[in-house]
Amino acid sequence: MSENTTEIIAALDLESLADEQALLDKLHGVVRFFKVGLRLFTAHGRRAVELVHRAGGEVFLDLKLHDIPQTVAHAVQEAQKMGVASLSLHTLGGLDMLRAAAEVRPRPKLWGVTVLTSFSDADVAAIFPHMSAHTLALHLAQTAKAARLDGIICSGHEVRPLRKALGEDPCFIVPGIRPEGHAVHDQKRVVTPAQAVELGIRFAVVGRPITHDPEPRNAAMAVLAEIRNARLKG
Ligand code: C5P
């Protein structure tokens, strides 16, 4: 598959391994990339990762690591031992932490979270006065670039300005994906699957639009159809 196409990562934000297995079965042959995040990993650890591997999928381990450099570098080594394809770090951990992680060899792809898609400008300004989500994401993406991370996690709203400012075409991973008319839940900076394609996003992370649907396979196929149609139009 081309490195330029938008692919979906289904977020397995579920309670039990049984729920995880059921969803993996339903999405078999439709989705290849799966996100194991804080809920499943806190509850079930590496077993949650192993289920995806046994189903033939690839794992994005979304732990948003943020700690002192040595601790994070060790966690990257452990993630490598689990065989995950990618792992997230929080870029607020700073340049030394990101560099320590990036220097681990071998290691999974490292993707830097900038500003959570659940943050509005007001939420950002409440912590960093006078900063917008956009300005903060830009600072953090520049830090991720300096540390030579493999991808930037941001909202679709920042992709164009970040691409322009960074002066190259980073791999963008974007959560907060909502098909038109779909509930946004706690997400505040969302884009549609079609917009993800127009923006040249590499990975669109899709959780509740799939997991909350009574027919997750159909929901995933609908997102993929929207992506395909947008690609044909573009
Ligand atoms: O259900 P929904 O589609 O909103 O799920 C988005 C997923 O992406 C969640 O698992 C969330 O933890 C994750 N995520 C995010 N914003 C980021 C990074 C990850 O929403 N910046």
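Keep in mind that this is a model prediction, so the values were computed, not measured.

About the thresholds
Residues numbered from 1 in each chain as written. Predicted model: local features only at pLDDT ≥ 70, side-chain atom pairs only at ≥ 80, totals over all residues. Heavy atoms only, no water. Pairing = 2+ DSSP bridges. Helix = DSSP H or I, 4+ residues; strand = E, 2+ residues; numbered from the N terminus. Axes fitted to C-alpha atoms, helices over the stretch in contact; angles between N-to-C directions. Contact = heavy atoms within 4.5 Å. Expected span 1.5 Å × (residues − 1). Buried < 20%, exposed > 50% of the residue type's maximum accessible area, 1.4 Å probe, protein only. Arc of directions from axis to C-beta. Near = heavy atom within 4 Å. Polar contact = N/O pair within 3.5 Å; in protein donor to acceptor, adjacent residues only side chain to side chain. Areas by Shrake-Rupley, 256 points an atom, 1.4 Å probe, with all protein chains shown as cover. Nonpolar A, V, L, I, M, F, W, Y, C, P; charged D, E, K, R; others polar.

(A) Region of interest: the sheet that holds strand β5 (residues 109–113). Spatially, the eight strands close up into a barrel ordered β1-β2-β3-β4-β5-β6-β7-β8, and their pairing is parallel. Strand-to-strand twist in this sheet, taken as the mean axis angle between neighbours without regard to direction, amounts to 25°. Pairing geometry for strand β1 (residues 7–11) and strand β2 (residues 33–36), over three bridges, is parallel. What sits directly across from Ala11, in β2, is Lys35. Each of β2 and β3 (58–65) is contacted by helix α3 (residues 46–54), which is oriented at about 155° to β3, the strand it contacts most.

(B) Geometry of helix α11 (residues 216–233). Taking 1.5 Å of rise per residue, 18 residues should cover 26 Å, and α11 covers 26 Å from first to last C-alpha, within 8% of that figure. Of all the positions in α11, only Pro216, Ala219, Ala220, Val223, Leu224, Ile227 and Ala230 are classed as buried. Taken around the axis of α11, the buried residues stretch over an arc of 135°, which confines them to a single face. Across from the buried face of α11, at angles greater than 90 degrees, the exposed residues are Leu232 and Lys233. Along its buried surface, α11 packs onto β1, α1 (17–27), α9 (193–198), β8 (203–206) and α10 (208–211).

(C) Molecular detail of the site of the ligand. Residues in contact with the ligand amount to 16 residues; listed here are only the nearest, Asp13, Lys35, Arg178, Gly207 and Arg208. Taking Lys35, its side chain carries an N or O atom lying 2.4 Å from an oxygen atom of the ligand. Contact distances for the ligand include 3.0 Å between a nitrogen atom and a side-chain N or O atom of Thr117. If the ligand stood free it would expose 470 Å²; the protein chains cover 88% of that surface. Elements supplying a minimum of two residues to the shell around the ligand: β3, β8 and α10. Looking at the shell around the ligand residue by residue, the classes come out as seven nonpolar, three polar and six charged.

(D) Summary view of the environment of Leu14. Mapped onto the secondary structure, Leu14 falls in the loop between β1 and α1. Separated by 197 residues in the primary sequence, Leu14 and Thr211 have C-alpha atoms spaced 8.1 Å apart. In contact with Leu14, not counting residues within four places along its chain, are Asp19, Glu20, Leu23, Arg39, Leu40 and Thr211.

(E) A look at the environment of Thr42. Its location among the elements puts Thr42 in helix α2 (residues 38–44). Residue Thr42 is classed as exposed on the basis of its relative accessible area of 68%. Separated by 21 residues in the primary sequence, Thr42 and Leu63 place their C-alpha atoms 9.6 Å from one another. Within the local environment of Thr42, its side chain forms a polar contact with the backbone oxygen of Leu38, the two atoms lying 2.5 Å apart.

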